[in-house]
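Topology and contacts: notes
The residues making up each chain are set out below.
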Amino acid sequence: MSENQNAAILKRKLDDRFFRKGLTVAILSGMTYGLYSAFITYAMSNGVWADWYGAKSGLSAVVVIYVLGALGSGVNDTMSAVWALIVAGIKGKLGDFLRCLKTRPGAVMIVCALIGGPIASAAYIIALQMAGSIIIPITALCPAIGAILGRILFKQPLSPRMIAGIALCLCATLMISASAGMSGSGSSTQIAGILIAFIAALGWGIEGCVAGFGTIVIDYEIGITIRQLTSGLANLLIMVPIMTLIAGNIALSPELTLTALTDGPSMIFFIISGFFALFAYSLWYKGNSMCGAALGMACNGAYSFWGPFFCWLVLGCIFGQEGWGLRPIAWVAAVLMFVGILLIALNPLTLFKRNEKEVA
Amino acid sequence: MLPLNYAILNRYRVADPADVDMVMSALEPDYGRFRSFRRHLVIESLMTAKENGLLDESDYNVGDDGELHIYYTLTDYGKDILNKYIP
């Protein structure tokens, strides 16, 4: 074998390994997103949260829906930020974290965190509380938004084959939504929840695309530390006070925040949900930067299956809560989504060509 | 001092084309003590930058050390991004 041939084989192995790693990272981001969804839902049904959401809480409907949604999101992201700082400390990246904060990409990351954190995550939690897991697939529309933005802003490729793959993923998402809709109450609260879920989809579409690009310049573990810290603090120190002010009682803000942060039975599960949220977002950023926004976000968007799946597994099977059953159509949709992701990731013609070369 | 990932990309402003070992030996005095200053991680950084159009491959070969050496060059788009984000 000549030196050139040897180099070509080694190079192809390296390229394949890089591609497989990016794909694995992006898929894992969707799975950990499902776990984060399950544990935050459980955390928000435990301890003082059970009282707040109970009939005798004495809290107004606005506070229960909007303030508690932002508070839950804030507590989760703050716990996630603590995990992120621990990981960055262990890996010796705290110095770079501080250096990145002072740079332009650091500022871009903070803006992304504000869009994806207080705005989109709070919308997600509020929608989840209002309409249940039906909204999870709706928020998974963000891959389409991210892919289109990636094309416009960063000139990332978006071929007809990739568009077909994204369309297939969206069909699968709609199938899960439709099945959940059939089992849902169809109440005005549920419809409002669905509409709020679209805000989350738009926010995450912007965040995934821009932050995924940002992690080309910024290390992804530093990026996620900036993201979770900004999001957690902005939720607890800005969003919750604003919402309690709108609800007519700003004094509630510190009272609710302190009570939530010192409530043992729920905090145990917020620590777990924060841990999974760390990987859900950091692997999302890394997957997007390694695979491009279209493929990275489609793999991450599979959380529209992993979300209801882990809610069923964790909340239904492990904690014995009722109403988290997974309909057969969700499994069919998961297979469709897998085909859609493959279509975005791989050009079938290239595969055939490669096989022909190997045979020759 | 620039964050490590910035410094890796920034190296291509002064030495272009360059492979991972050239980048690492240039950064060694300042970043050698960093726990994430490892060959496979720097390769991943370079490949990510290439995947996103900041760098392009100009050549590759197997060196005397038996390792694959890929030489990258900064693209026009990469230059724009560096000028914008790492002035």
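Keep in mind the model is a prediction, meaning the values are calculated, not measured.

Criteria and cut-off values
- Along each chain, residue indices are assigned from 1 in the same order as the chain's sequence is written.
- To read the labels, note that chains go from A and ligands from 1, taken in the order they are written.
- Local features in this predicted model are restricted to residues of pLDDT 70 or higher, and side-chain atom pairs are both shown and tallied only at a pLDDT of 80 or more, whereas totals for entire chains, interfaces and linings draw on every residue.
- Water and hydrogen atoms play no part in the side-chain values, which are based on all heavy atoms of the structure.
- A run of H or I in DSSP counts as a helix once it spans at least four residues, and a run of E counts as a strand once it spans at least two, with each numbered from the N terminus.
- Put simply, the radius of gyration uses C-alpha atoms, and a globule should come to 2.2 Å times the residue count raised to 0.38.
- When accessible area is computed with a 1.4 Å probe and restricted to protein chains, residues below 20% of their type maximum are described as buried, those above 50% as exposed, and intermediate ones as partly exposed.
- Whether two residues are in contact is decided by their heavy atoms: any pair within 4.5 Å suffices.
- Note on areas: Shrake-Rupley with a 1.4 Å probe; residue coverage comes only from the protein chains shown.
- We treat Lys and Arg as the positive residues and Asp and Glu as the negative residues; His and chain ends play no part in the count.
- Taken as the charge location is NZ of Lys, CZ of Arg, CG of Asp or CD of Glu.
- How sure the predictor is of each residue is captured by pLDDT, a score from 0 to 100.
- Note on definitions: buried area is the accessible-area loss of two parts on being combined, 1.4 Å probe, summed for both.
- Any Lys or Arg side-chain nitrogen found within 4 Å of a carboxyl oxygen on Asp or Glu counts as a salt bridge.
- The definition of a polar contact used here is a pair of N or O atoms within 3.5 Å, where within protein one atom must be able to donate a hydrogen and the other to accept one, and adjacent residues in sequence count solely through side-chain atom pairs.
- Charged residues are taken to be Asp, Glu, Lys and Arg, nonpolar residues to be Ala, Val, Leu, Ile, Met, Phe, Trp, Tyr, Cys and Pro, and polar residues to be all remaining types, Gly included.
- In this analysis, strands are considered paired if DSSP registers two or more bridges between them.
- Throughout, the arc means that of the directions going from the helix axis to the C-beta atoms.
- Each Phe, Tyr or Trp ring (for Trp, its six-membered ring) is paired with any other whose centre lies within 6.5 Å, and the angle between the two planes then decides the class: stacked below 30 degrees, edge-to-face above 60, tilted in between.
- Residues forming no salt bridge and having over 30% relative accessible area are the ones grouped into patches, like charges within 9 Å of each other and nonpolar side chains (Val, Leu, Ile, Met, Phe, Trp, Tyr) within 5 Å.

On to the overall build of chain B. When helices and strands are counted, chain B shows 4 helices and 2 strands. Over its C-alpha trace chain B gives a radius of gyration of 12 Å, about what one expects of a compact globule, namely 12 Å for 87 residues. A burial count over chain B gives 49% of its 87 residues as buried. The long-range share in chain B, meaning contacts at least 24 apart out of those at least 6 apart in sequence, stands at 50%. With the model as given, the accessible surface of chain B reaches about 4,300 Å², and the carbon-plus-sulfur share is 46%. Charge separation in chain B, taken as the distance between the mean sites of 9 positive and 15 negative side-chain charges, equals 9 Å.

Let's shift gears to the overall build of chain A. When you go through chain A residue by residue, the secondary structure sums to 16 helices and 0 strands. Here chain A has a C-alpha radius of gyration of 21 Å; the compact-globule value for 360 residues is 21 Å, and the two agree. Taken along the three principal axes of its C-alpha coordinates, chain A extends 75 × 50 × 35 Å. A total of 360 residues make up chain A; the buried ones form 55% of that total. Look at the contacts in chain A between residues 6 or more apart in sequence, and 86% of them connect residues 24 or more apart. Here chain A displays about 14,900 Å² of accessible surface, and carbon together with sulfur accounts for 71% of that area. With 21 positive and 14 negative side-chain charges, chain A shows a spacing of 10 Å between the two charge centroids.

With that settled, the discussion passes to the confidence of the model for chain A. Residue and element names in this part refer to chain A. Confidence in the prediction for chain A averages 83 pLDDT; 90% of positions are at 70 or higher. When pLDDT is averaged over each element of chain A, helix α11 (residues 252-261) comes out on top at 94 and helix α16 (residues 348-359) at the bottom at 48. Scored below 50 in pLDDT, residues 354-360 shows 3 contacts in the model against residues more than four places distant or in partner chains.

For an interface, size is often stated in terms of accessible area lost upon the parts coming together. Counting from both sides, the interface comprises 34 residues of chain A and, opposite them, 30 residues of chain B. Here chain A and chain B share an interface that buries about 2,800 Å² over both sides, 63% of which is from carbon and sulfur atoms. The three residues of chain A that bury the most area against chain B are Lys-11, Ile-216 and Val-217 of chain A, which together make up 22% of that side's buried surface. Between Glu-57 of chain B and Lys-11 of chain A there is a salt bridge, with its nearest N and O atoms 3.0 Å apart. Connecting chain A to chain B are 9 residue pairs in polar contact (both at pLDDT 80 or more). Top contributing element to the side of chain A that touches chain B by residue count: helix α1 (residues 3-43) of chain A, with 10 residues. For the side of chain A that touches chain B, the class distribution of residues is 15 nonpolar, 8 polar and 11 charged.

All names here are of chain B. Relative to strand β2 (residues 68-74), strand β1 (residues 55-62) runs antiparallel, the two being bridged by 7 bridges. Following the sheet pairing, Asn-61 is matched in β2 by His-69. Connecting β1 to the next strand, β2, in antiparallel fashion are 5 residues, including Gly-66 with a positive phi near 80 degrees.

What helix α4 (residues 94-101) of chain A keeps buried is the set Asp-96, Phe-97 and Cys-100 of chain A. The arc that holds the buried residues of α4 of chain A, viewed along the axis, is 110 degrees, so those residues lie on one side. Where α4 of chain A is buried, its residues contact α3 (61-90), α5 (104-131) and α10 (220-246) of chain A together with α1 (4-10) of chain B.

What follows is about the environment of Leu-342 of chain A. Tracing the sequence through the fold places Leu-342 of chain A in helix α15 (residues 328-345). Given a relative accessible area of 36%, Leu-342 of chain A falls into the partly exposed group.

The next subject is the packing of aromatic side chains. Residue and element names in this part refer to chain A. Counting across every chain of the model gives 22 aromatic pairs over all chains. The interplanar angle of 70 degrees and the centroid separation of 5.8 Å between the aromatic rings of Tyr-33 and Tyr-281 together place this pair among those described as edge-to-face. Pair noted here: Tyr-33 is in helix α1 and Tyr-281 is in helix α12 (residues 264-291), with a separation of 248 residues, a long-range link. Note on accessibility: Tyr-33 and Tyr-281 belong to one class, buried. Each ring, one from Trp-49 and one from Trp-52, has its centre 5.1 Å from the other, and the planes form 75 degrees; the classification is edge-to-face. Here Trp-52 and Trp-49 lie together in helix α2 (residues 48-53), a separation of 3 residues that amounts to about one turn. For the pair Trp-49 and Trp-52, a shared accessibility class is recorded, and that class is buried.

Turning to a nonpolar patch on the surface, a few remarks are in order. Judged by side-chain polarity, Leu-233, Leu-237, Ile-238, Ile-242 and Ile-246 of chain A come together as a nonpolar surface patch covering roughly 510 Å² of accessible area. Positionally, Ile-238 of chain A belongs in helix α10.

Mapping Asn-5 of chain B onto the fold places it in helix α1. Of note is the side chain of Asn-5 of chain B, whose polar atom sits 2.5 Å from the side chain of Ser-45 of chain B. In contact with Asn-5 of chain B, not counting residues within four places along its chain, are Thr-215, Ile-216, Val-217, Ile-218 and Asp-219 of chain A together with Ser-45 of chain B.

Moving on, we get to the pattern of salt bridges. Close approach of charged atoms allows side chains of opposite charge to pair. Summed over all chains, the structure comprises 14 salt bridges over all chains. As a salt-bridge pair, Glu-44 of chain B and Lys-286 of chain A come within 2.4 Å of each other at their nearest N and O atoms. Taken together, the residues Glu-44 of chain B in helix α3 (residues 39-51) and Lys-286 of chain A in helix α12 connect one chain to another. Taken as a pair, Glu-44 of chain B and Lys-286 of chain A share a single burial class, namely buried.

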